[in-house]
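This is what each chain is made of:
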Amino acid sequence: METPANGSKNDMVGLQNAFVAKLRSRNYLSLEVKDDIIEGAYHETTFPIGFTKGALWLYGVSSPKQ
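What counts as what
- Residues numbered from 1 in each chain as written.
- Predicted model: local features only at pLDDT ≥ 70, side-chain atom pairs only at ≥ 80, totals over all residues.
- Heavy atoms only, no water.
- Helix = DSSP H or I, 4+ residues; strand = E, 2+ residues; numbered from the N terminus.
- Rg over C-alpha atoms; globule rule 2.2 N^0.38 Å.
- Buried < 20%, exposed > 50% of the residue type's maximum accessible area, 1.4 Å probe, protein only.
- Contact = heavy atoms within 4.5 Å.
- Salt bridge = Lys/Arg side-chain N within 4 Å of Asp/Glu carboxyl O.
- Expected span 1.5 Å × (residues − 1).

Glancing now at the overall build of the protein chain. The secondary structure content of the protein chain amounts to 2 helices and 0 strands. The C-alpha atoms of the protein chain give a radius of gyration of 14 Å, which is well past the 11 Å a tight globule of 66 residues would have. Across its three principal directions, the C-alpha atoms of the protein chain cover 35 × 35 × 20 Å. Counting all 66 residues of the protein chain, 11% fall into the buried class. Contacts spanning at least 24 positions in sequence make up 32% of the contacts within the protein chain whose residues lie at least 6 apart.

Overall, the coordinates contain 2 salt bridges when judged by the stated rule. Linking arginine 24 and aspartate 35 is a salt bridge whose minimum nitrogen-to-oxygen distance equals 3.1 Å. Taken together, the positions of arginine 24 in helix α1 (residues 12-25) and aspartate 35 in the loop between α1 and α2 (43-58) put the pair 11 residues apart, joining distant regions of the chain. Residue class for arginine 24 comes out partly exposed when judged on its relative accessible area of 43%. A residue is classified by how much of its surface remains accessible, and aspartate 35, at 33% relative accessible area, is partly exposed. Between aspartate 36 and lysine 53 there is a salt bridge whose closest N-O contact spans 2.4 Å. Remark: lysine 53 occurs in helix α2 and aspartate 36 occurs in the loop between α1 and α2; sequence separation between them is 17 residues. According to the relative accessible area criterion, lysine 53 is partly exposed, its value standing at 41%.

Another aspect to go through is the environment of alanine 5. For alanine 5, the location among the structural elements is in the segment before α1. Counting along the chain gives 53 residues from alanine 5 to leucine 58, while the straight-line C-alpha distance between them is 33 Å.

Tracing the chain through its elements places histidine 43 in helix α2. When the C-alpha positions of histidine 43 and glycine 54 are compared, they lie 16 Å apart, and in sequence the two are 11 residues distant. In this structure histidine 43 touches Glu2 and Met12, once residues within four positions along its chain are discounted.

Across its 16 residues, α2 extends 22 Å between first and last C-alpha, which sits within 8% of the 22 Å expected from 1.5 Å per residue. After α2 finishes, the residue glycine 60 shows a positive phi value of roughly 70 degrees.

Set out below in structure tokens:
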């Protein structure tokens, strides 16, 4: 994961958590925020995973059981 503890210059996980907290604190009635930290992933590898999870959520498809 992209954190200083793992050698990253920026704390992408911390920044994401702060961004999500800020959005949730505004209490927008029509905004549903879903977030997920993908363990062991980096910036380059999270896009396909995030895109797939987002599409499944958007179209109401349950994730396959593992």
